[in-house]
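Listed below are the residues making up each chain.
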Amino acid sequence: SSSEQLVQQYLQTIEQNDDQLHIFNQVNPAALEEARQADHRRSLGEKLPLLGIPVAVKDNISTEGMRTTCSSRILENYDSIYDATVTSRLREAGAIIIGKTSMDEFAMGSSNQTAHKQKTRNPWDPSRVPGGSSGGSAAAVAAGCAPVALGSDTGGSIRQPAAFCGVVGLKPTYGSVSRYGLVAFASSLDQIGPLTNNVEDAATMLNVIAGHDSRDSTSVSFQKPDYTSFLGQDVSSLKIGLPREYFIEGMDPTIRQQVLESVEHLKAQGATVQDISLPHTDYAVATYYIIATAEASSNLARYDGVRYTQRTSEASDLTEMYVKSRSEGFGAEVKRRIMLGTYVLSSGYYDAYYRKAQKVRTLIARDFAQAFQQVDLIITPTTPTTAFVSGTKSNNPLDMYLEDIFTLSCNLAGIPGMSIPCGKDADGLPIGLQLYAPHFEEGTMLKAAAVLE
Ligand code: GLN
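Quick look at the structure, then.

## Side note on unusual backbone geometry
Next up, step 1: Each neighbour pair has its own omega, and for G132 with S133 the value is 10 degrees, a cis peptide bond.
Next up, step 2: When you line up the elements, S133 lands in the loop between β3 (96-101) and α4 (135-142).
Next up, step 3: The phi angle at S71 is positive, at roughly 50 degrees, despite the residue not being glycine.
Next up, step 4: Looking at where S71 falls in the secondary structure, it is placed in the loop between β2 (54-58) and α3 (85-92).
Next up, step 5: Phi is positive for A107, close to 70 degrees, though the residue is something other than glycine.
Next up, step 6: Looking at where A107 falls in the secondary structure, it is placed in the loop between β3 and α4.

## Looking at the site of the ligand
Next up, step 1: Around the ligand lies a shell of 15 residues, among which T154, G155, S157, Y288 and R337 are the nearest.
Next up, step 2: Within the side chain of S157, a nitrogen or oxygen atom sits 2.6 Å from an oxygen atom of the ligand.
Next up, step 3: Here D404 contributes a side-chain N or O atom positioned 3.0 Å from a nitrogen atom of the ligand.
Next up, step 4: Taken by itself the ligand offers 290 Å² of open surface, and the protein chains cover 100% of this.
Next up, step 5: Classifying every residue of the shell around the ligand gives 5 nonpolar, 7 polar and 3 charged.

## Section: the pairing of β3
The side chains of a regular strand alternate, first on one face of the sheet and then on the other.
Next up, step 1: Counting buried positions along β3 gives 6 out of 6 residues, so the element sits mostly inside the fold.
Next up, step 2: Direction of pairing for strand β1 (residues 24-27) relative to β3: antiparallel, over a ladder of 3 bridges. Opposite F24, over in β3, you have T101 as the bridge partner.
Next up, step 3: Note that β2 and β3 share 5 bridges and pair parallel. Across the sheet, K58 pairs through a bridge with T101, a residue of β3.
Next up, step 4: For the crossover that starts at β2, traverses α3 and ends in the parallel β3, the hand is right-handed.

What counts, and where the lines are drawn
- Residues numbered from 1 in each chain as written.
- Predicted model: local features only at pLDDT ≥ 70, side-chain atom pairs only at ≥ 80, totals over all residues.
- Heavy atoms only, no water.
- Helix = DSSP H or I, 4+ residues; strand = E, 2+ residues; numbered from the N terminus.
- Near = heavy atom within 4 Å.
- Polar contact = N/O pair within 3.5 Å; in protein donor to acceptor, adjacent residues only side chain to side chain.
- Areas by Shrake-Rupley, 256 points an atom, 1.4 Å probe, with all protein chains shown as cover.
- Nonpolar A, V, L, I, M, F, W, Y, C, P; charged D, E, K, R; others polar.
- Buried < 20%, exposed > 50% of the residue type's maximum accessible area, 1.4 Å probe, protein only.
- Pairing = 2+ DSSP bridges.
- Right-handed = clockwise from strand over helix to strand, strands pointing away.

Next up, the structure:
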């Protein structure tokens, strides 16, 4: 079918779902026109990897011609003034940005319920959350509002919603996808990646978005493989590690059982499986929430009511203008993190918290380096629970922070991680299986994922 028909179908699905699921912050008003242009280009014989394919983009990624709000009141009317590198790479590959997806405000959260508006719900059960912070992108793919989407992952924000919505989510190696045009949350952890219906689409998306970019100083120059070439490769020589710290008492027994059953499947293909240890796992949550909030407090200082939108209408001097603009513009979770981050960076506490966290981060990264001397790949559950009912964790921030217990070590170490669907629990809700590989070994992850799918 033509791209125009395709886009029309997806736009219809978006509209049908909006009342109940609240997935999109904005739909691209030019999507149909762009689809017609794509059809024209195709009729001229042009061949591009994503020609005429609609892509949903998380609302913290800059897209010229549309807003970029981070689901925050403070950026509610902010028009993107340029394309992020990933956006231009999508456009160069022929893709059509179909719309901007809702997210936890400034990507802080695990439920999508900290969004200022459009608190996305889970397509499998709208009383439940889609996960977060890329909950809109995960729900968009799961509900058929877009065939593929982009999200960002600072501590699990691609993989956890992918698990909750039953889709594939991949966080690439830190430095392999440009962050130019991604609104910064915690710059040493943030990475953009795809959410898709299957492993092959994830590989195709990675082919388009990965690669060096001189506009991002943390971008790495590396030999980029064709990620789709790993699909269907033999897995019989793979050594797989199961970290005992990730199969803990108290986790949902169905999740444990389903993940271990999938591992059996790899074993049947000749892969060997062994227990491993990542001994500093216990410190990951505390370490992450010190580093992430410290970086966030610094990154969010730029929203001062002057350079971006949303200035208070009632202030009698400059300081009052700053304070009121920020007080009115940021939600509770964002404020909590700015305060925490400012505290751990303050001169009296820097050594006790921030510097200590940096040291523990090194130990966590070393855990993985040591594990990867014994195994090629690590398999864990993506989350300790399946999608929870909206509102059940919002009153207790610490409870919410524990949602990330299996996902955030990956960002601290900078390694790639991926979540793929792995059966359902007793309520019929999707379960996620997580794969970890060494830096720049996305291919190993993809070939194992393709076997498990
Ligand atoms: N849920 C984690 C947090 O709240 C991770 C968010 C993310 O990866 N952007 O910080």
